[in-house]
Amino acid sequence: MKQNDQRRGISNDEKNHIRKKLLLHLREENTQIALQLAVLVAKIARIDYPKEWPELFSSLAQQLQSADMLASHRVFIVLFRTLKELSTKRLSSDQRTFQEIASQLFEYTWNLWKNDIHTILQSFSTISQSITMNSLVEQGHDLLLVCERWFLCLKIIRQLIISGYPSDTTTAQEVPLVKEVCPVLLNAIQSFLPYYSLFQERQVRLWDFTKRTCTKLMKALVAVQSKHPYSFGDQAILPAIVDFSLNKITNAEPTVSFFEQFLIQCMVLVKSVLECKEYRPSLTGRVINESEGSLSLEQRKKNISTAVAGILKTILPSDHVILLCNILIRRYFIFSAKDMDEWYQNPEQFHHDQDMVQWTDKLRPCAEALYIVLFENYKQILSPVVISILRDAMSSSPPLETEISSAMLLKDAAYSAAGHVYYELSSYLDFSDWFQGSLAIELSNNHPNMRILHRKIAFILGQWASEIKDDTRKQVYHALIRLLQDNDIAVKLAACRSLCYLVQDTNFSENEFFELLPACWNSCFKLMEEVQEFDSKVQVLNLISVLIDHVGDRISPYAHQLSNFFCKIWEESAGESLLQIQLLVALRNFVGSLGYQSSICYTMLLPILKSGIDVDSPDSLNLLEDSVLLLEATLSNAPSMMPQLLDFFPYLVVILERSFDHLQVATSIIEDYIISGGVEFLNRHASSLAKLLDGIVGNVNEKGLLSTLPVIDILVQCFPMEAPPLIAGVLQKLILICLSEEDDHNPSRTAVRASSAAILARVLVMNTNYFAQLASESSLAMGLQQAGLPINQNILLCLTDIWVDKIDNATVIQRKAYALALSVILTLRVPQVINKLDDILSVCTSVILGGTEEINEDDSGGDTTSSSALNNEAIGYGGFSVRDSRMRQIKDSDPIKQLSLENMLKENLKACAALHGDATFNAAISRIHPSAFAQLQQALKMV
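Residues numbered from 1 in each chain as written. Predicted model: local features only at pLDDT ≥ 70, side-chain atom pairs only at ≥ 80, totals over all residues. Heavy atoms only, no water.

Asks: So what's going on with the packing of helix 40 (residues 728–739) against helix 44 (residues 795–805)? Residues and values would help.
Replies: The geometry of helix 40 relative to helix 44 is characterised by a closest axis approach of 10 Å and an angle of 55° between their N-to-C directions. Classed by the angle they form, the pair helix 40 and helix 44 counts as oblique. The crossing of helix 40 and helix 44 is left-handed. For the pair helix 40 and helix 44, the contacting residues are I735, C738 and L739 in the first and I795, C798, L799 and I802 in the second. (Axes fitted to C-alpha atoms, helices over the stretch in contact; angles between N-to-C directions. Helix = DSSP H or I, 4+ residues; strand = E, 2+ residues; numbered from the N terminus. Parallel < 35°, antiparallel > 145°, perpendicular 65-115°, else oblique. Left-handed = near helix turned anticlockwise from the far one by under 90°. Contact = heavy atoms within 4.5 Å.)

Structure, rendered in structure tokens:
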């Protein structure tokens, strides 16, 4: 009994006791312990609320009545953590529960928040008017607690509005709280913002609070706009907030100019509004035959969109759009002295900090993101403006200028602007003229200060890749290779990325680039040694991988050099699984490009492959998927099946025994082992292969079977005498599949039954004696009985019905297999076969008359379920891989394809007549419809 209690875990009474005790100990003075308590309550609430803990929020609300500031603060920590946890639950019942919580909590929290802000602003005013401001006024600790409680209330209010109401994009109904809260939040920002500069020198804690508060208030507005755009688009909300944000961005107020995080949020809000799809007027007309409710919803959305578009037009007239564009480029795109110092101190870190992937973290990338959206919305207005800025900047800063002047920095900013919106400016600016007249000259200037422009030119060359014409392309390749050899890592990384874009461009010319390959490899290898950041290493590896993929078999002269590089990087990246994943991808491209020459890299490749497919290796969880793909590429391109490659098969068996996650790729690998490994593979791994296939068939769904059945088919084709006895259990399962329930109009199930039937047909044709033995096995009869499939006739007759029934669902080669099997059935001593003669001859006739030409076509369409078709990732640069050639040979040598159904049917009809007697045979023939008999004569050329 005691053991059963332990197995059940904590009893309900104990849980109830723990929950009550937790709520009694919330007034914890130690902040870290208080936070852990809050997290614990939230985790329990996620599971127990509301069914097991319905009194949670009423108990917390009761504790809030206390005048104890510390207790109140701690309760709000618990509230915030709990609400945050509950808001992530996605079931509709959980969301309804959260909406009920929001309706109960909002009013109290909102009123307390307004009272606290009044108290805080009064105290701030008093402190700012004091002479020294060196210390807080009396009860300073309580003020800080009020500040923190107010801050928690703000987070809770945001959570209640965001998660407590369904998005108005689904209902187009106003969320009243948005209209109530947003103007007050804006007013709070305006009230706190002056204290940012006042407290900066003397009140560090209050200054930090003010900084966090202004940023968090703007983030709250951004979140509300994103969740409830229609409500936010109200005339009382949107104009004031967007106008405020635009003013802060465009006006160089000392209060705000150094407040980067706040400016970032202002830009994020404006960007969010400009790219909001709900604010774009609908271009669709009235929907016919829709319900009235749906029509009214769409009409409401359209009305709001039209109204908001009008508001935005008022806030952002053309002159304001042009002003904002100018400000973004001329102020925010310009490098500051601090930026240049950061670049000098750590070029690599600087490069990644300026990356727009994390555009909400840094002011300049954020300004660039806003500029791109602004340009997209107003491209007709801004295209001439950007071109004008670009030309002014280029005329003010000559190409050979070397001083880091304001003119050079403006040109750098203008280059950024032109690079980001290349898709539109190409209509105004001819790239070849720009490159020859300015960019190429600037690239020839090797002064150290030119790194600023060199980095930006590298960026431009990548962005404008699609606009680079043939006559300029080779010069651009040379330019990027030179930039890849620059002394500054930031310039090199910019060139690395752009070179990748050019190689991937549809107009990439491998002939023009080929002579640059040695310099490119050496530059990449050197850069890989210089960089420290993970992102940098991935960037270099990506370029190497893309180059390998695109230059194809021309890679072979550099195979030894690349092998040494890959080996070195693999060893140095031990424990860095994310980097090793990128390396495995590069190796896959490397092997594919080498094709039949891939064995020259085995010294480097095989140890890496072995460690990657070993499920017991420390990094197997991260590396296994890409390692299995690399094994597939290795086998697909192997010139022959070497013993070392055969040694990898047991690893694949272990992988599939643990999980079928990699089944689709694994089936392709097994095919390669069967085709390339031949007899040696079967001698070494026959039992493992049989066990593996037996474990797959019957334990995977239709999709898994469709990947596996082609493997079984090829195994029987390659080893018709050895394979069937080896996989007897698998073949019995295929018989069960064929004789099981109907397809229920399920295409996948139909395909599985058709493919299974085709494999059994192949076995009957290629190893008739064994098939007769298989059909009479007692284990098969027992399996049919256990599956609830009582068979009242010979198994061969049941399969005859299947081959006749599934002929219309089969592929061309499967149809011929069916027909050949039915032809063989005629020669077996099964008396009832004569009764099915009409159906058998009908199938054979249709295959002879309709299928010959299609089978002889040189395509892969004859077997749509081939796992090679599903997993064809080993295609080399020339279009066909080593694997393709092998598969084509296998298909061409297939006995099913080569056998003459016409001749076999003629001979087997004679045998059938001899077996059953002429009288019985002729009687069966006479029952055939005259037109069908005429077609049979035509098929057998007996007319």
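Asks: An account of the nonpolar core is requested, with residue identities and associated values reported.
Replies: A general feature of soluble globular proteins is that nonpolar side chains tend to end up buried together. The biggest cluster of nonpolar side chains holds 341 residues, and the ones touching the most others in it are W113, L328, F566, F590 and W803. Contacts of L328, omitting those with residues within four sequence positions, involve I249, M267, F333, A367, L370, Y371 and L374. (Core = buried A, V, L, I, M, F, W, Y, C linked by side-chain atoms within 4.5 Å. Buried < 20%, exposed > 50% of the residue type's maximum accessible area, 1.4 Å probe, protein only.)

Asks: Which residues make up the pattern of salt bridges, and what values do they have?
Replies: When the charged atoms of two side chains lie near each other, side chains of opposite charge can form a pair. Summed over the entire model, instances satisfying the criterion amount to 36 salt bridges. In this structure, D116 engages R149 in a salt bridge whose closest nitrogen and oxygen atoms are separated by 2.8 Å. Placement of D116 in helix 6 (residues 92–129) and of R149 in helix 7 (residues 140–163) is noted, with a sequence separation of 33 residues between them. D116 gets classed as buried once you look at its relative accessible area, which sits at 4%. By sharing partners, the salt bridges in this structure join R27, E29 and D68 into a single network. (Salt bridge = Lys/Arg side-chain N within 4 Å of Asp/Glu carboxyl O.)

Asks: How would you summarise helix 3 (residues 31–48) if you had to cite specific residues and measurements?
Replies: Helix length check: helix 3 (18 residues) gives 25 Å between terminal C-alpha atoms against 26 Å at 1.5 Å per residue, within 8%. Among all positions of helix 3, only A34, L37, A38, V41, A42, I44, A45 and D48 are buried. Against the buried residues of helix 3 lie helix 2 (12–24), helix 4 (56–64) and helix 5 (69–86). Where helix 3 begins, the side chain of N30 points an oxygen toward the backbone nitrogen of Q32, at a separation of 3.0 Å. (Expected span 1.5 Å × (residues − 1). Polar contact = N/O pair within 3.5 Å; in protein donor to acceptor, adjacent residues only side chain to side chain.)

Asks: Got a sec to walk through the state of the cysteines? Specific residues and values, please.
Replies: With the rule as written, the count across this model stands at zero disulfides. Of the cysteine sulfurs around C520, a residue in no disulfide, the closest is that of C524, at 4.3 Å. Of the cysteine sulfurs around C738, a residue in no disulfide, the closest is that of C798, at 11 Å. (Disulfide = S-S within 2.5 Å.)

Asks: Quick rundown of the environment of W570? Include the residues and the values.
Replies: If you trace the backbone, W570 turns up in helix 31 (residues 559–572). For W570, a relative accessible area of 12% translates into the label buried. Residues W570 and I608, 38 residues apart in the sequence, show an inter-C-alpha distance of 7.8 Å. When sequence neighbours within four positions are dropped, the list of residues in contact with W570 reads Q580, L583, L584, I608, S611 and L623.

Asks: Kindly report on the packing of helix 22 (residues 406–420) against helix 25 (residues 451–463), identifying the contributing residues and their values.
Replies: Where helix 22 contacts helix 25, the axes come no closer than 9 Å and their chain directions differ by 15°. Here helix 22 is positioned roughly parallel relative to helix 25, judged by the angle of their axes. Crossing of helix 22 against helix 25: the hand is left-handed. When helix 22 is examined against helix 25, the residues M408, L409, K411, D412, Y415, S416, G419 and H420 are found in contact with a partner set consisting of I452, L453, K456, I457, F459, I460 and Q463. Residue composition of the contact of helix 22 with helix 25, grouped by class: eight nonpolar, four polar and three charged. (Nonpolar A, V, L, I, M, F, W, Y, C, P; charged D, E, K, R; others polar.)

Asks: Give a detailed account of helix 30 (residues 534–551), specifying residues and quantitative values.
Replies: A rise of 1.5 Å per residue sets the reference length of helix 30, with its 18 residues, at 26 Å; its end C-alpha atoms lie 26 Å apart and thus fit the reference within 8%. Taken across its 18 residues, helix 30 has 13 buried, putting it largely inside the fold. G552 sits one or two residues past helix 30 and shows a positive phi near 60°.

Asks: Kindly report on the packing of aromatic side chains, identifying the contributing residues and their values.
Replies: Note on aromatic pairs: each is described by the distance of the centres and the angle between the planes. Within the structure shown, the criterion is met by 40 aromatic pairs. Taking 6.0 Å as the distance between ring centres and 80° as the angle between the ring planes, the aromatic pair formed by F192 and F209 counts as edge-to-face. Taken together, the residues F192 in helix 9 (residues 176–192) and F209 in helix 11 (residues 204–227) connect sequence positions 17 residues apart. Across the pair, F209 and F192 agree in class, each one buried. Summarising the aromatic geometry, the rings of Y422 and Y423 are spaced 5.6 Å apart at their centres and angled 80° between planes, so their arrangement reads as edge-to-face. Connected via pairs of aromatic rings, a cluster forms that spans F106, W110, W113, F124, W150, F151, F192, Y195, F199 and F209. A cation over a ring is seen here: R212 above F151, with NZ or CZ 4.7 Å from the ring centre. Lying across the ring of W343, R455 places its NZ or CZ 5.7 Å from the centre. (Phe/Tyr/Trp six-rings, centres within 6.5 Å; stacked < 30°, edge-to-face > 60°. Lys NZ or Arg CZ within 6 Å of the ring centre and 35° of its normal.)

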